[in-house]
Amino acid sequence: MRIFLSLKPSGNASVPNSKTWLHNLYEPLLDLGQDVCLVRIDEAASYLNAKNESPLFKEKFSEYILKKVKTEHNKKKFDLFLSYFVDKHIDSAVIEEIKSLGIPTANFSCNNTHQFYLTENIAPHFDFNLHSEKSVGEKFKQIGANPVWFQMAANPRYYHPVNVKFQYDVSFLGSSYAKRAGYIFNLLENNINVNCFGPNWLINKPNEKLKKIYKEYLRLKNLFNSVLACSSDKRHMLSSKINNYDLQCLLRKKYINYMHYPIPDERMVSLFNESKINLGFLEVYSSDNDSHSITNQHLHLREFEIPMSGGLYITNYSDELAEHYEPDKEVLVFHNNYELVDKVKYYLNNPKEADKIRKAGLKRALDSHTYQKRISDLFIDIGLNSKS
């Protein structure tokens with residue numbers, strides 16, 4: 001098939017030179033023998049001299065994409081227009097015009113559980129809306145959009161075991177967000193060495209001193225507003241923000257040697273293999289603190305990247321996770337802080353049992369959760385012949 005693909009390579013702006021979606025979407029399409037015309041959003045922003053997701057960028061990029069599609073389509077017809085867009089990227093009228101050329105359109109998005117607003121304006125204009133969180137299909141239907149469940153996975157050409165020695169008992173790769181700092185603090189207080197790599201475990205670079213001053217200012221502002229707040233809900237929300245920030249400060253003060261800045265993509269796979277246990281969290285919230293109830297639990301890339309890299313993985317239990325792995329046979333799961341501490345200690349002290357689960361998780365990931373397989377299944381789901 002001939003596919004027009006447009007996406008932003010990075011999955012996280014805080015990770016330097018991240019190419020997450022090139023590895024996980026673009027490269028598997030090439031592996032499957034597809035003819036792909038790629039337009040990178042970051043390169044387009046530079047070419048158009050417009051800041052990504054600004055109103056000027058949306059205007060210029062919409063014109064650019066439409067012209068590019070028409071020009072390339074005239075050379076050789078496209079069988080699919082595939083994108084990873086949010087509302088700030090593209091004008092919906094452009095999607096309709098691309099469809100008028102007879103090209104099926106599909107847009108991928110994730111984090112719709114708590115960030116559905118990012119794509120809800122453009123979603124009804126695509127033929128297919130690929131979503132990674134199983135539960136959000138109804139959200140798309142409610143706005144007249146057509147959902148297709150396209151669960152996360154990983155590319156085994158990039159995520160694979162490497163022969164390195166264990167350097168860490170437990171590691172966590174990701175940002176300090178909501179309850180995560182509490183989980184980490186509890187593990188450290190129980191004499192479990194957890195090394196954290198990602199945003200907000202340390203004051204983010206660059207301009208750490210200025211950012212620390214600003215964070216202290218926000219703390220005082222929240223403290224002042226909480227005193228004046230008449231609503232108990234608002235006081236609770238503000239106090240939770242303060243508590244979360246204070247806990248982050250305590251972690252930096254008491255356990256500074258276990259806190260690290262984000263690491264580049266090429267370092268991740270080694271980290272997964274250097275860690276006896278890799279920690280993950282499925283919980284997502286409607287705010288950056290735990291004052292709000294859990295919005296949902298959904299799977300992320302880590303649920304597939306870590307087992308496929310040969311790492312032993314432990315994360316929250318969810319029914320959706322149990323559809324993809326056998327709990328405590330292929331990945332470890334926990335239901336609360338106490339179980340997390342107990343299981344981590346047990347498998348650190350029983351390396352043979354840990355290795356058995358590690359190998360079973362790798363096998364399941366390779367058998368069932370590659371992006372090559374996900375994409376092949378997707379073509380069948382949306383009625384495209386991948387060999388045409």
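Whatever comes next refers back to the structure up there.
Below: a short report on this structure. All figures in this text were calculated on a predicted structure; none of them were measured in a lab.

1. Remarks on the sheet that holds strand β1 (residues 2-7)
Taking strand neighbours across the sheet as the criterion, the 6 strands line up as β2-β1-β3-β4-β5-β6 in an open arrangement whose pairing is parallel. Two strands in the sheet have a free side with no partner beyond their single neighbour: β2 (35-40) and β6 (147-149). Each neighbouring strand pair of the sheet contributes to a mean axis angle of 25°, computed without reference to strand direction. Across 4 bridges, the pairing between strand β4 (residues 105-109) and strand β5 (residues 128-131) is parallel. Each bridged residue has a counterpart across the sheet, and for Ala 106 the counterpart in β5 is Phe 128.

2. Quick word on the environment of Pro 147
If you trace the backbone, Pro 147 turns up in strand β6. Note on Pro 147: relative accessible area 18%, which makes it buried. Not counting residues within four places of it along the chain, the set of residues in contact with Pro 147 comprises Asn 129, His 131, Gly 137, Phe 140 and Lys 141.

3. Describing the packing of helix α3 (residues 55-75) against helix α4 (residues 92-100)
Put simply, α3 and α4 touch, their axes get as near as 10 Å, and they point 10° apart. Judged by the inter-axis angle, α3 sits roughly parallel to α4. On α4, the residues that touch Ser 62, Ile 65, Leu 66, Val 69 and Lys 70 of α3 are Val 94, Glu 97 and Ile 98. Here the residues of the contact of α3 with α4 are counted per class, giving 5 nonpolar, 1 polar and 2 charged.

Criteria and thresholds
- Residues numbered from 1 in each chain as written.
- Predicted model: local features only at pLDDT ≥ 70, side-chain atom pairs only at ≥ 80, totals over all residues.
- Heavy atoms only, no water.
- Pairing = 2+ DSSP bridges.
- Helix = DSSP H or I, 4+ residues; strand = E, 2+ residues; numbered from the N terminus.
- Axes fitted to C-alpha atoms, helices over the stretch in contact; angles between N-to-C directions.
- Buried < 20%, exposed > 50% of the residue type's maximum accessible area, 1.4 Å probe, protein only.
- Contact = heavy atoms within 4.5 Å.
- Parallel < 35°, antiparallel > 145°, perpendicular 65-115°, else oblique.
- Nonpolar A, V, L, I, M, F, W, Y, C, P; charged D, E, K, R; others polar.

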